[in-house]
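Topology and contacts: notes
One-letter residues, chain by chain:
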Amino acid sequence: MVRLSFTMFWAGLATVASFGTTCAAFSPAASSSLAERTFRSQQQHQRQHQQQQQRIGPLRFAFSDHETIPTSSFAAAASSSPMRKSTRHSSTTRLFWSPMDETSPPGGEIGKALMMVGTTVEVTRAIMMGAVSEVDVMHWLNGPALMDLTVTWAPFFAATGLAWSVLSHPEDGYRTDMEPYPRGKYDPDVASEYYKKHPILVIKRISELLRLSQNFLLALLLDKVTGTVQKNRPQRAQELLELITELGPTAIKVGQVLSIRPDLIPEEFSDALATLQDRVPPFTCDKAKQILMNELGPERVSQLQGIENGPVASASIGQVYKVVLDGKEHAVKVQRPNVLAEIALDLYIVRELAPLYKAITRSSSDLKTLANEWGRGFIAELDYRMEAANTQKFNSDMAARNMNAVMAPQVVPSYSTERILVTEWVDGTRIDRSEAGDIPRLCSVALNAYLVMLLELNQLHCDPHPGNLLVTKEGKLCILDFGMTLDIDPNLQYSLLEYVAHLTADDYDHLPEDLTKLGFLAPDKLEFARRSGVLEPLKYFLKQVGQGGGAQRFRERIMSEYREKYPGMSDEELRTAMRDEMQV
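Residues numbered from 1 in each chain as written. Predicted model: local features only at pLDDT ≥ 70, side-chain atom pairs only at ≥ 80, totals over all residues. Heavy atoms only, no water.

So, the overall build of the chain
Regarding its fold elements, the chain presents 21 helices and 12 strands. Counting across all 584 residues of the chain, residues that qualify as buried make up 45%. In the chain, 65% of the contacts between residues at least 6 apart in sequence involve partners at least 24 apart. When the accessible surface of the chain is totalled, it reaches about 31200 Å², and 58% of it is carbon and sulfur. (Helix = DSSP H or I, 4+ residues; strand = E, 2+ residues; numbered from the N terminus. Buried < 20%, exposed > 50% of the residue type's maximum accessible area, 1.4 Å probe, protein only. Contact = heavy atoms within 4.5 Å. Areas by Shrake-Rupley, 256 points an atom, 1.4 Å probe, with all protein chains shown as cover.)

Okay, here's the thing in structure tokens:
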């Protein structure tokens, strides 16, 4: 597929403008014989073209001092251009486009340029209709009209193309140390004030995001137009993975969340994004060593043997090394360089553009509030001291309840800082790749642990993807990554219990009240939700989920039901039918 680029577009436009300038630069004084032949030929053609010219409206050619013949009144050029005052041969037929009253068009230079474009369109149409001859075109190329356009706007096009090229390809490290708030403390107001003082930084990042994503978005659009969505979906899934990896840690974190939601995105996409859970492209060992030296100092770093062997896993905000410390194997998680500056800027852009997106798509979601919630979680995860404290608390809480089948790695506090986390090394296999025969038991163990956290400990582990669940050699379940946890308000706990109880009893009539208490539905929309049936699709999906089997079986049941209802339809047509049925 031909890969398009805004840079190529602007460069092409500047080239066209420069070519026009070159054409207009041929002075009639330097080619008087051609001009004289042109004048005589125009006299001969004037009468035979008069009727044809009337087909496209009253036109006017303006000669050097006196003669006029029709030309397009729509296409007009600036009579006030200084180029018209240049010295030319008196016998030269000069063509310039001007309004009937010979005044400058409205809008200044911009209005002038727009009218020039109109001139070009009208001339092209007139040639195709036979109302303007090649001689007429020669007049236009020989006159100052084209020169007015190209001389005035060629620098603009060239400068715009150069600016886009520079802004969309920012220098490496252009966000280095541009941190609006402390690590772990998200503050959108502070970020807003900070980035207002650095507008070029914001423009560079927006330009970079547009450049990186434009080809993928265009490919999706072409698939939609050509009806090849299903056929090209595996290829698009790989392209999406590459794009998210290029966009950086914020996009990678979102991709991780989507990778465990095949109910929200196509299965091909979720499978491709699953590699983001622990196989993100790593940063260099030299950078990791520099961060270690800055955080721990040379004495403690010298005790960590094995960093030079490279990372064993790499994720959105950090990567893990297997090292030997005091004769025992340990895991060292090193935060990505400059990750706070990168995530903070992306969150600011998402937050500021949310109202524009909402207006364009007419979405009813409060995207600004959603961006702030993302921000609190993402930024809190960047302080590894909080993760260390949460990990230690989980181990002590599970031990106090004799839940010995679940654990988290033991933290080494003396080697843990804001950007470095050192824990014991745990040998294990991801739960989704384990061949152990007791996986159902371990899934129950995980569910019990999460429910204890939620309903007893007022905490929620917010990142429970398979990459964070290991089956140890001893048959235990090890939960990793406590960087993103949430403290639960006691009132919210009771509301969750009520909600779960109603779902278990298939009592969906209380669903509107439950969603209001949980904050998903505004109180002033409660009566509307009860009367309108707007929650009926949600009730249907909850009933399907209640039958178990996970997201895959959930999808299979729904598709099977609709295949029976609409035989012969493709999967894409079935999805359209579902949406149509569930519209309120």
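Some words on the pattern of salt bridges
For the structure on display, the rule yields 20 salt bridges. Between E329 and K322 there is a salt bridge, with its nearest N and O atoms 3.5 Å apart. Assessed through its relative accessible area of 39%, E329 is described here as partly exposed. Its salt-bridge partner being D397, residue K393 comes within 2.9 Å of it at the nearest N-O pair. Of this pair, K393 and D397 both sit in helix 14 (residues 384–400), separated by four residues, roughly a single helical turn. Residues participating in the shared-partner salt-bridge network are E179, R183, D383, R385 and E418. (Salt bridge = Lys/Arg side-chain N within 4 Å of Asp/Glu carboxyl O.)

Comments concerning the side chain of D514
Along the chain, D514 falls in helix 17 (residues 511–517). No salt bridge is formed by the buried D514; the nearest opposite charge belongs to K517, separated by 5.2 Å. Aside from chain neighbours lying at most four places away, what touches D514 is E498, Y499 and H502. (Lys, Arg positive; Asp, Glu negative; His and termini not counted.)

Observations regarding the nonpolar core
Judged by nonpolar contacts, the single largest core of 26 residues is most densely connected at Y181, Y195, I343, L347, I379 and L382. For this core, the elements supplying multiple residues, two or more each, are helix 6 (188–196), helix 7 (199–226), helix 12 (339–361), helix 13 (367–380) and helix 14. With eight residues, helix 12 is the single largest residue contributor to this core. Aside from chain neighbours lying at most four places away, what touches Y181 is Y186, D187, A191, L340, A344, L347 and I379. Listed in part, the 20 residues of the second largest apolar core include L442, V452, V471 and L477. (Core = buried A, V, L, I, M, F, W, Y, C linked by side-chain atoms within 4.5 Å.)

Some thoughts on the packing of aromatic side chains
Summed over the entire model, instances satisfying the criterion amount to four aromatic pairs. Look at Y181 and Y186: their rings are 5.8 Å apart centre to centre, the planes differ by 75°, and that puts the pair in the edge-to-face class. Take Y181 and Y186: they sit in the same class, and that class is buried. An aromatic cluster of three or more residues is present, and its members are Y194, Y195 and Y348. Over the face of the ring belonging to Y384 we find K333, whose NZ or CZ atom lies 5.0 Å from the ring centre. (Phe/Tyr/Trp six-rings, centres within 6.5 Å; stacked < 30°, edge-to-face > 60°. Lys NZ or Arg CZ within 6 Å of the ring centre and 35° of its normal.)

Let's talk about the packing of helix 7 against helix 8 (residues 229–247)
Here helix 7 crosses helix 8 at 175°, and the two axes come no closer than 10 Å. Between helix 7 and helix 8, the angle falls in the class roughly antiparallel. In contact with R205, L209, L212, S213, F216, A219, L220, D223 and K224 of helix 7, helix 8 contributes V229, N232, R236, E239, L240, L243, E246 and L247. When grouped by side-chain class, the residues that make up the contact of helix 7 with helix 8 number nine nonpolar, two polar and six charged. (Axes fitted to C-alpha atoms, helices over the stretch in contact; angles between N-to-C directions. Parallel < 35°, antiparallel > 145°, perpendicular 65-115°, else oblique. Nonpolar A, V, L, I, M, F, W, Y, C, P; charged D, E, K, R; others polar.)

Looking at the confidence of the model for the chain
Looking at the chain, pLDDT values average 75 and 71% of them are 70 or higher. Between residues 1–42, whose pLDDT stays under 50, and residues either more than four places distant or in other chains, the model counts 55 contacts. This model gives residues 51–114 a pLDDT under 50, and the stretch forms 129 contacts once residues within four places in sequence are excluded. (pLDDT = per-residue confidence, 0-100.)

As for the packing of helix 12 against helix 13
Pairs of packed helices are described in terms of their axes, by the angle between the two and the distance that separates them. At their nearest, the axes of helix 12 and helix 13 sit 8 Å apart, and the two run at 170° to each other. With respect to helix 13, the axis of helix 12 lies roughly antiparallel. Facing L340, I343, L347, V350, R351, A354, Y357 and K358 of helix 12, the residues of helix 13 in contact are L367, K368, A371, N372, W374, G375, F378 and I379. Counted by class, the contact of helix 12 with helix 13 contains 11 nonpolar, two polar and three charged residues.

Some details on the environment of C443
Along the polypeptide, C443 turns up in helix 15 (residues 439–455). For C443, a relative accessible area of 40% puts it in the partly exposed group. Separated by 34 residues in sequence, C443 and L477 have C-alpha atoms that sit 8.7 Å apart.

Considerations on the sheet that holds strand 11 (residues 477–479)
Spatially, 6-11-10-8 is the arrangement adopted by the four strands of the open sheet, whose pairing is mixed. The open sheet is flanked by strand 6 (406–407) and strand 8 (428–430), the only strands paired with a single partner. In the sheet, strand 10 (residues 469–472) pairs with strand 11 via three bridges, with the strands oriented antiparallel. For V471, the partnering residue across the bridge sits in strand 11 and is L477. (Pairing = 2+ DSSP bridges.)

With respect to a nonpolar patch on the surface
A cluster of nonpolar side chains, namely L447, L451, L455, Y494 and L497, defines an oily patch on the protein surface of about 470 Å² accessible area. Of all the secondary structure elements, the ones that give two or more residues to the nonpolar patch are helix 15 and helix 16 (490–504). Looking at the nonpolar patch, the element that brings in the most residues is helix 15, giving three residues. Inspection of the secondary structure puts L451 in helix 15. (Patch = residues over 30% accessible without salt bridge, like charges linked within 9 Å, V, L, I, M, F, W, Y side chains within 5 Å.)

A word on the side chain of N395
Structurally, N395 can be placed in helix 14. Aside from chain neighbours lying at most four places away, what touches N395 is M407, A408, P409 and Q410.

Brief notes about the sheet that holds strand 5 (residues 328–335)
As summarised here, the arrangement of the four strands in space is 3-4-5-7, forming an open sheet in which the pairing is antiparallel. Looking at strand neighbours, the two that pair on one side only are strand 3 (313–314) and strand 7 (420–424), the edges of this open sheet. Judged from the five bridges that link them, strand 5 and strand 7 form a sheet pairing that is antiparallel. Pairing of H330 across the sheet is with E424, part of strand 7.

Looking at the pairing of strand 10
Here strand 10 shows a buried face lined by L469 and V471 and a second buried face lined by L470 and T472. Alignment of strand 8 against strand 10, held across three bridges, turns out to be antiparallel. If you follow T429 over to strand 10, its bridge partner there is V471. Taken together, strand 10 and the strand that follows it, strand 11, pair antiparallel across an intervening segment of four residues, in which G475 is found at a positive phi of about 85°.

Concerning unusual backbone geometry
Backbone geometry places N338, a non-glycine residue, at a positive phi of 65°. Summarising the element assignment, N338 is placed in the loop between strand 5 and helix 12. Taking relative accessible area as the criterion, N338 reaches 16% and is therefore assigned buried. Residue N458 is not a glycine yet carries a positive backbone phi of 60°. Note that N458 resides in the loop between helix 15 and strand 9 (459–461). For N458, a relative accessible area of 26% translates into the label partly exposed.

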